[in-house]
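Inside the fold
Next come the chains, spelled out residue by residue.
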Amino acid sequence: MLRAFVAVLPYFPGWFVLFYTRLLTRTTFFLCASYRKRMEENLAAALGHETSAQERNAMVWAAWTSFARSLLDTSRIMHYSKECIRSTVNLEGEEHIRRALQHGKGVLALSAHLGNFTLIGVRLAAAGFSFSVVVKQPADERFARLIDGYRAQSGIHTISAKPRREAVRGILKALRSNHIVLVIADEFKSGRVMVDFLGLRVPAPRGPATLALRTGAVTLPMFVTRQPDDSLRLSVEAPIAPFERGDVEASIVATTEADTRHLGAAVGKGPGQW
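Cut-off values and rules
Residues numbered from 1 in each chain as written. Predicted model: local features only at pLDDT ≥ 70, side-chain atom pairs only at ≥ 80, totals over all residues. Heavy atoms only, no water. Helix = DSSP H or I, 4+ residues; strand = E, 2+ residues; numbered from the N terminus. Buried < 20%, exposed > 50% of the residue type's maximum accessible area, 1.4 Å probe, protein only. Contact = heavy atoms within 4.5 Å. Areas by Shrake-Rupley, 256 points an atom, 1.4 Å probe, with all protein chains shown as cover. Lys, Arg positive; Asp, Glu negative; His and termini not counted. Charge placed at Lys NZ, Arg CZ, Asp CG, Glu CD. Pairing = 2+ DSSP bridges. Axes fitted to C-alpha atoms, helices over the stretch in contact; angles between N-to-C directions. Core = buried A, V, L, I, M, F, W, Y, C linked by side-chain atoms within 4.5 Å. 1 Å grid on protein atoms, 1.4 Å probe; cavity = no way out; pocket = protein on both sides within 12 Å on 5 of 7 lines; lining within 4 Å. Points joined across faces, edges and corners; volume = space filled by probe spheres on them.

1. Some points on the overall build of the protein
- Helix and strand counts for the protein come out as 11 helices and 9 strands.
- Taking the principal axes of the C-alpha coordinates as reference, the protein spans close to 60 × 45 × 35 Å.
- When each of the 274 residues of the protein is scored for burial, the buried share is 44%.
- Here the contacts in the protein between residues at least 6 apart in sequence split such that 72% fall between residues at least 24 apart.
- Surface exposure of the protein reaches about 15100 Å², of which carbon and sulfur atoms provide 56%.
- With 35 positive and 24 negative side-chain charges, the protein shows a separation of 5 Å between the mean positions of the two kinds.

2. Thoughts on the sheet that holds strand E2 (residues 107-111)
- The strand order across the open sheet formed by 7 strands is E1-E9-E8-E2-E5-E3-E4, and the pairing between neighbours is mixed. Only two strands of the sheet have a single neighbouring strand rather than two, namely strand E1 (89-92) and strand E4 (156-160). Taken over all neighbouring pairs, the strand axes of this sheet differ in orientation by 25° on average, direction set aside.
- Here strand E8 (residues 218-226) runs beside strand E9 (residues 232-236); their pairing, made up of 5 bridges, is antiparallel. In the sheet register, Val224 faces E9, and the bridge partner there is Leu234.
- This element, helix H9 (residues 164-176), spans E2, strand E3 (131-135), E4 and strand E5 (180-184) of the sheet and lies at about 145° to E4.
- Its contacts with the sheet put helix H10 (residues 207-215) on E2, E5 and E8, and the angle it makes with E2 is roughly 160°.

3. What to know about the nonpolar core
- Counting residues in hydrophobic clusters, the biggest one holds 29 residues, and the most contacted among them are Ile97, Ile120, Leu124, Ile180, Met222 and Leu234.
- Sorting the residues of this core by element identifies E1, helix H6 (94-101), E2, helix H7 (119-126), E3, E5, E8 and E9 as the ones contributing at least two each.
- Looking at this core element by element, the count peaks at 5 residues for H7.
- When near neighbours in sequence (up to four residues on either side) are disregarded, Leu234 contacts Val89, Asn90, Leu91, Glu92, Ile120, Arg123, Leu124, Met222, Phe223 and Val224.
- Within the second largest apolar cluster, 18 residues are counted, among which are Ala185, Phe223, Ala266 and Val267.

4. A closer look at empty space enclosed by the protein
- Across all of its chains, the model carries 2 cavities of 30 Å³ or more by this definition.
- What lines the largest cavity is simply Leu110, Ala185, Phe188, Ala204, Pro205, Pro208, Ala209, Thr256, Asp259, Thr260 and Leu263.
- Among the secondary structure elements, those contributing two or more residues to the lining of the largest cavity are H10 and helix H11 (248-269).
- Per-element accounting of the lining of the largest cavity gives the leading share, 4 residues, to H11.
- If you add up the space inside the second largest cavity, you get close to 40 Å³.
- Lining the second largest cavity, in full, are Leu108, Ala109, Leu110, Val183, Pro208 and Thr219.
- Here the lining of the second largest cavity takes 3 residues from E2, the largest share from any one element.

Here it is, written out as structure tokens:
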């Protein structure tokens, strides 16, 4: 179904595709109650004392529609030329990337499931940067190969997060080649470093901080968000300097806390896109 949708997308007028997307968005919003409830619970836990139930429900709907638009944008952009991609997604902060790559140790692109995060690599690859992304592959191998193929078509190299040893080897190889490696670091489920995120104490992954400290790669926060005028913007922020505490574990904890603060600040600017 995905293969067919992507293939026929260019042959339908934009208004029809957008109407179809909105229809599916509303349908899934009511059918997928368990996901909607989880989103409501997360917002209540993080922002309950600052927002009303009505405001949180509006954020859930905004995030749901944002995700649907992101899927549509990602499918559409695979048919675009590099020039069209560059004009569709505005890039701000490119100078941070070029300065970071001058060190020759690669770049860790730190991001979250915020806005059109799937377009980070597409936009940077269109600008001529060598780009890899670390992903948790879906269980269905055929589906995983299809998605990997779409990434490769856009100039993105996929590094599977499992097995872990192979993932680390792939990341180190990319960084040694002075490439950009994207890490999505807002999955606070089984991390080993406890941090504050949106007012909650959560377990964060230590991988990004460990890599920055051990490889010397520059960490740059990157986010693609939809602007009020419906345009897309990839914002590349200033580097996050790793913390050297004299003790490896203390350094990892301090650096992870710094990374999480940047993620929290980005989400706080646009919770409806997270």
